[in-house]
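# Coordinate analysis (summary)
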Amino acid sequence: MAESITTLTNETFDEIIGSAELPVVVDFWAEWCGPCKMIAPILDEIAVEKAGVFSVAKLNVDDAQDVALRYQVMSIPTLIVFKDGEPAKRIVGAKGKQQLLQEIGEIAF
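Residues numbered from 1 in each chain as written. Predicted model: local features only at pLDDT ≥ 70, side-chain atom pairs only at ≥ 80, totals over all residues. Heavy atoms only, no water.

### Side note on the nonpolar core
Considering soluble globular proteins, one finds that nonpolar side chains tend to be buried as a cluster. To keep it simple, the criterion reads: We define a nonpolar core as any set of buried Ala, Val, Leu, Ile, Met, Phe, Trp, Tyr and Cys residues linked to one another through side-chain atoms lying within 4.5 Å. Note on classification: 1.4 Å probe, protein chains only; a residue is buried when its accessible area is under 20% of the maximum for its type, exposed when over 50%, partly exposed between these limits. Helix numbering and strand numbering both begin at the N terminus, where a helix is a DSSP run of H or I of at least 4 residues and a strand a DSSP run of E of at least 2. Whether two residues are in contact is decided by their heavy atoms: any pair within 4.5 Å suffices.
Ranked by size, the top nonpolar core spans 20 residues in total, and within it Phe-13, Val-26, Phe-28, Leu-59 and Tyr-71 carry the most contacts. Looking at this core, the elements that each hand over two or more residues are α1 (13-19), β2 (24-29), β3 (55-60), α3 (65-70) and β4 (78-83). Of all the elements, β2 adds the most residues to this core, at four residues. For Tyr-71, the residues in contact, after removing those within four places along its chain, are Phe-13, Phe-28, Ile-80, Phe-82, Pro-87 and Arg-90. In this structure, Ile-5, Val-25, Val-81 and Leu-101 belong to the second largest nonpolar core, which totals 15 residues.

See below:
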């Protein structure tokens, strides 16, 4: 995982998302999820390229079930764009880089 991606937990989620000055794209994922592994390198690239515009964070749903339940994450990967601490956009499923940037950009740019 790239250094530019923050790892979230049940304990750190509210503080990090609530205090973020930029929009945060949170990747809800799990180790056993094939599509999650497919988009991981894409998110690494996006995190570096868009630093200063929005940030990228990852939340392992197996380790942080409370947060996943709170945001009703039923399938993974699910990306939720948080703006001002609130969910603003939900993207479900693995997508290519351009499609992810386009969908994230509707909210984050």
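Read on for the rest.
### Quick notes on the sheet that holds β2
Operational definition: Strands are treated as partners if at least two bridges between them are detected by DSSP. The axes used here are C-alpha line fits, helices contributing only the stretch in contact, and every angle between their N-to-C directions lies in the interval 0 to 180 degrees.
What the five strands build is an open sheet, ordered β1-β3-β2-β4-β5; its pairing is mixed. The sheet is open, and its two borders are formed by β1 (5-8) and β5 (86-92), each paired with just one other strand. Direction aside, neighbouring strands of the sheet carry axes that sit 25° apart on average. Here four bridges tie β1 to β3, and the two strands are oriented parallel to one another. Across the sheet, Thr-6 pairs through a bridge with Ala-57, a residue of β3. Together, β1, β2, β3 and β4 form the strand contacts of helix α2 (residues 34-49), whose direction differs from that of β3 by roughly 155°.

### Here's the deal with the state of the cysteines
Note the threshold: Defined by distance alone, a disulfide is two cysteine sulfur atoms within 2.5 Å.
Across all of its chains, the model carries one disulfide by this definition. Covalent S-S linkage joins Cys-33 and Cys-36, the inter-sulfur distance amounting to 2.3 Å. As the torsion about the S-S bond is roughly 80°, the Cys-33-Cys-36 disulfide counts as right-handed. Taken as a pair, Cys-33 and Cys-36 share a single burial class, namely buried.

### A word on the pairing of β5
Here β4 runs beside β5; their pairing, made up of six bridges, is antiparallel. Looking at the pairing, Lys-83 lines up with Glu-86 of β5. In sequence, β4 turns back onto β5 through a hairpin of two residues, with Asp-84 there showing a positive phi of about 55°.

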